[in-house]
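In case you want the letters, here they are:
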Amino acid sequence: SQQGEEDPQALSIQEGENATMNCSYKTSINNLQWYRQNSGRGLVHLILIRSNEREKHSGRLRVTLDTSKKSSSLLITASRAADTASYFCATVLISGNTPLVFGKGTRLSVIA
Amino acid sequence: GAVVSQHPSWVICKSGTSVKIECRSLDFQATTMFWYRQFPKQSLMLMATSNEGSKATYEQGVEKDKFLINHASLTLSTLTVTSAHPEDSSFYICSGLRGGTDTQYFGPGTRLTVL
């Protein structure tokens, strides 16, 4: 069964605004990753945050992790129309060759 | 960054035929590859985990005799959908796990349509 649940399921914002997506999970994890998927395409890895980390930045992306609440958030600042895509969080329960467990995703639409 | 390719990118076949999808890691060795299936507007669901040189591990509910996985080398895994039916129509995505990391690199996906 899926581990992560993203919130909201869909988000529509104006270009230049910030977009925040949340992810909750059920069991203890080793790390949590965020991916982006353009319609009908493969996934692009955005950022990985480990269970002992609380916040990570990468360009316009900011990810937080609260293991006590079993939740993570992805913030995209100064959004662009090209950011329009589906965003998935995925958890890794044990480090190593274990698969990702994906959430249902958030569909982000950035309107120019 | 690491690159994973899939071939074909799309395929249309008749019901009852078999289809083979290739997944290649182009610039790294993937000791483990994963196969996922994604239905429209849904998330990715893991089908199986493939380790080079050994039998694949299938998720519950995935028929191993229907979805044959072969991971013959550190850069190639294949998924064969045998006796395909319309309900097998989906987007199939593979990923390769780079050794020593927790980062999976995804292929662009293969869209299978079974008529």
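Provided above is the structure to which this section pertains.
Given the structure is predicted, the values throughout are model-derived calculations rather than measurements. (Residues numbered from 1 in each chain as written. Chains lettered and ligands numbered in written order. Predicted model: local features only at pLDDT ≥ 70, side-chain atom pairs only at ≥ 80, totals over all residues. Heavy atoms only, no water.)

> An account of the sheet that holds strand E3 (residues 19-24) of chain A is requested, with residue identities and associated values reported.
All names here are of chain A. Pairing within the open sheet is antiparallel, and its five strands lie in the order E1-E3-E8-E7-E6. One side of each edge strand has no neighbouring strand; the edge strands of this open sheet are strand E1 (5-7) and strand E6 (55-58). Shown here is a sheet whose adjacent strand axes are inclined to one another by a mean of 15°, direction ignored. (Pairing = 2+ DSSP bridges. Helix = DSSP H or I, 4+ residues; strand = E, 2+ residues; numbered from the N terminus. Axes fitted to C-alpha atoms, helices over the stretch in contact; angles between N-to-C directions.)

> Explain unusual backbone geometry residue by residue, including any values.
With an omega of 0°, the peptide bond between Asp7 of chain A and Pro8 of chain A qualifies as cis. Within the fold, Pro8 of chain A resides in the loop between E1 and strand E2 (10-14). The omega torsion of the bond from His7 of chain B to Pro8 of chain B falls at 0°, within 30 degrees of zero and hence cis. Relative to the helices and strands, Pro8 of chain B resides in the loop between strand E1 (4-7) and strand E2 (10-13). Phi at Lys41 of chain B takes a positive value of approximately 60°, unusual for a residue other than glycine. In this fold, Lys41 of chain B is placed in the loop between strand E4 (30-38) and strand E5 (44-51).

> Outline the interface of chain B and chain A, listing residues and values.
Taken residue by residue, the interface counts 22 residues in chain B and 24 residues in chain A. It is Ser43, Asp102 and Phe106 of chain B that lose the most area in chain B upon contact with chain A, and together they represent 35% of the buried surface on that side. Our count for the contact surface shared by chain B and chain A stands at zero salt bridges. At the boundary of chain B and chain A, one finds five residue pairs in polar contact (both at pLDDT 80 or more). Residue assignment for the side of chain B that touches chain A shows that the elements contributing at least two residues are E4, E5, strand E9 (90-98) and strand E10 (104-106) of chain B. The class makeup of the residues in the side of chain B that touches chain A is 10 nonpolar, nine polar and three charged. (Contact = heavy atoms within 4.5 Å. Buried area = accessible area lost by both parts, 1.4 Å probe. Salt bridge = Lys/Arg side-chain N within 4 Å of Asp/Glu carboxyl O. Polar contact = N/O pair within 3.5 Å; in protein donor to acceptor, adjacent residues only side chain to side chain. Nonpolar A, V, L, I, M, F, W, Y, C, P; charged D, E, K, R; others polar.)

> Help me get a handle on the nonpolar core, residues and values and all.
One recurring pattern in soluble globular proteins is that nonpolar side chains are buried together. Trp35, Phe67, Leu79, Tyr92 and Leu112 of chain B are the most contacted members of the largest nonpolar core, which has 24 residues in total. Secondary-structure elements contributing two or more residues to this core are E2, strand E3 (19-25), E4, E5, strand E7 (67-73), strand E8 (76-81), E9 and strand E11 (110-114) of chain B. In contact with Phe67 of chain B, not counting residues within four places along its chain, are Arg37, Met47, Tyr58, Val62, Leu79, Thr80, Val81, Asp88 and Tyr92 of chain B. Within the second largest apolar cluster, 20 residues are counted, among which are Met21, Ile49, Ala85 and Cys89 of chain A. (Core = buried A, V, L, I, M, F, W, Y, C linked by side-chain atoms within 4.5 Å. Buried < 20%, exposed > 50% of the residue type's maximum accessible area, 1.4 Å probe, protein only.)

> Any details on the pattern of salt bridges? Residues and values, ideally.
The tally for this structure, following the rule as stated, stands at five salt bridges over all chains. In this structure, the salt-bridge partner of Asp83 of chain A is Arg36 of chain A, at a minimum N-O distance of 4.0 Å. Here Asp83 of chain A is found in the loop between strand E8 (71-76) and strand E9 (85-92), whereas its partner Arg36 of chain A is found in strand E4 (residues 31-37), with 47 residues between them in sequence. The class of Arg36 of chain A is buried, set by a relative accessible area of 15%. Glu22 of chain B is the salt-bridge partner of Arg24 of chain B, the closest N and O atoms lying 3.5 Å from each other. Taken together, the salt bridges that share partners define one network made up of Arg36, Arg60 and Asp83 of chain A.

> Describe the sheet that holds E3 of chain B, with residues and values.
All names here are of chain B. The strand order E1-E3-E8-E7 describes an open sheet built from four strands, whose pairing is antiparallel. Edge positions in the open sheet fall to E1 and E7, since each of these has one partner strand only. The mean angle between the axes of side-by-side strands here comes to 15°, regardless of whether they run parallel or antiparallel. Relative to E8, E7 runs antiparallel, the two sharing five bridges. Bridge assignment links Phe67 to a residue of E8, and that residue is Val81.

> Which residues make up the pairing of E5 of chain B, and what values go with them?
All names here are of chain B. Counting buried residues along E5, six of its eight residues qualify, which places the element largely inside the surrounding structure. Sheet analysis places E4 next to E5, joined by seven bridges and oriented antiparallel. Counterpart to Gln38 in the pairing with E5 is Leu44. Between E4 and E5, which pair antiparallel and follow one another directly, the connecting turn spans five residues, one of which, Lys41, has a positive phi of 60°. A loop of five residues connects E5 with strand E6 (residues 57-58), the two strands running antiparallel in sequence, and Gly53 in this loop sits at a positive phi of about 80°.

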